[in-house]
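What follows is the residue order along each chain.
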Amino acid sequence: TRWSKIAVESTNSRRTPTGTLEVWAVLRNRTDYPLQIEGRTTFFDKYKVPDEQPSAWERVFLPPNGVAAYKEMSTHTRDVAYYYIELREGR
C-alpha cells in the first residue's frame, strides 16, 4: 500500500455575517519532518459555474505528524454555493 505524505482530514464551509462563503480543509502531515504546501480555491454559483477567478496560492506549514488548516473566503456574496480546493506541494 502506498501512503500519501498528506491526508485531508475534513473540509467544510460556512456563511460569514456579510454573506460571503468561508471554506477550509484540515490537513494532516503523515511524515516525521515539516512540510509546506499551497492551496487555492475556486468558488462556483448555484449552477456550478465559476463565480470568481481562483484565489491566490496560499502557503500552509505542516509540523511533523501535525495538523494545520487551509482557509479561504469568497469575495462575492451573490449565488456562491460550491467550492473546489486545490492543493499542491509548496514551491
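The shown structure was predicted, so the numbers you read here are calculated from the model rather than taken from an experiment. (Residues numbered from 1 in each chain as written. Predicted model: local features only at pLDDT ≥ 70, side-chain atom pairs only at ≥ 80, totals over all residues. Heavy atoms only, no water.)

Caption draft 1: Examining the nonpolar core more closely. Membership of the largest hydrophobic core comes to 13 residues, with the highest contact counts inside it found for Leu27, Val60 and Leu62. At the level of elements, β2 (21-29), β3 (35-44), β4 (58-62) and β5 (67-73) are the ones that each hand at least two residues to this core. For this core, the element with the highest residue contribution is β2, accounting for 4 residues. For leucine 62, the residues in contact, after removing those within four places along its chain, are Ile6, Leu27, Asn29, Pro34, Leu35, Ile37, Val67 and Ala68. (Core = buried A, V, L, I, M, F, W, Y, C linked by side-chain atoms within 4.5 Å. Buried < 20%, exposed > 50% of the residue type's maximum accessible area, 1.4 Å probe, protein only. Helix = DSSP H or I, 4+ residues; strand = E, 2+ residues; numbered from the N terminus. Contact = heavy atoms within 4.5 Å.)

Caption draft 2: Seen up close, the packing of aromatic side chains. One pass over the full model with this rule turns up 0 aromatic pairs. A cation over a ring is seen here: lysine 48 above tyrosine 82, with NZ or CZ 5.1 Å from the ring centre. The ring of tryptophan 57 is capped by arginine 88, whose NZ or CZ atom sits 3.9 Å from the centre of that ring. (Phe/Tyr/Trp six-rings, centres within 6.5 Å; stacked < 30°, edge-to-face > 60°. Lys NZ or Arg CZ within 6 Å of the ring centre and 35° of its normal.)

Caption draft 3: Spatial organisation of unusual backbone geometry. Here the phi dihedral of lysine 48 falls at roughly 65°; this positive angle occurs in a residue that is not glycine. Looking at the secondary structure, you find lysine 48 in the loop between β3 and β4. Here lysine 48 falls in the exposed class, since its relative accessible area comes to 57%. Phi at asparagine 65 takes a positive value of approximately 50°, unusual for a residue other than glycine.

Caption draft 4: Here's a closer look at the pattern of salt bridges. Following the criterion strictly, the structure yields 5 salt bridges and no others. For the salt bridge of arginine 28 with glutamate 9, the shortest nitrogen-to-oxygen distance reads 3.2 Å. Within this pair, whereas arginine 28 is found in strand β2, its partner glutamate 9 is found in strand β1 (residues 6-15), the two being separated by 19 residues in sequence. Looking at arginine 28, the relative accessible area reads 32%, which means it is partly exposed. The residue arginine 59 makes a salt bridge to glutamate 38 at a minimum N-O spacing of 3.9 Å. With arginine 59 in strand β4 and glutamate 38 in strand β3, this residue pair connects regions lying 21 residues apart in the sequence. Take glutamate 38: its relative accessible area is 6%, and that puts it in the buried class. A cluster of three or more residues bridged by salt bridges with shared partners is formed by Glu38, Arg59 and Arg88. (Salt bridge = Lys/Arg side-chain N within 4 Å of Asp/Glu carboxyl O.)

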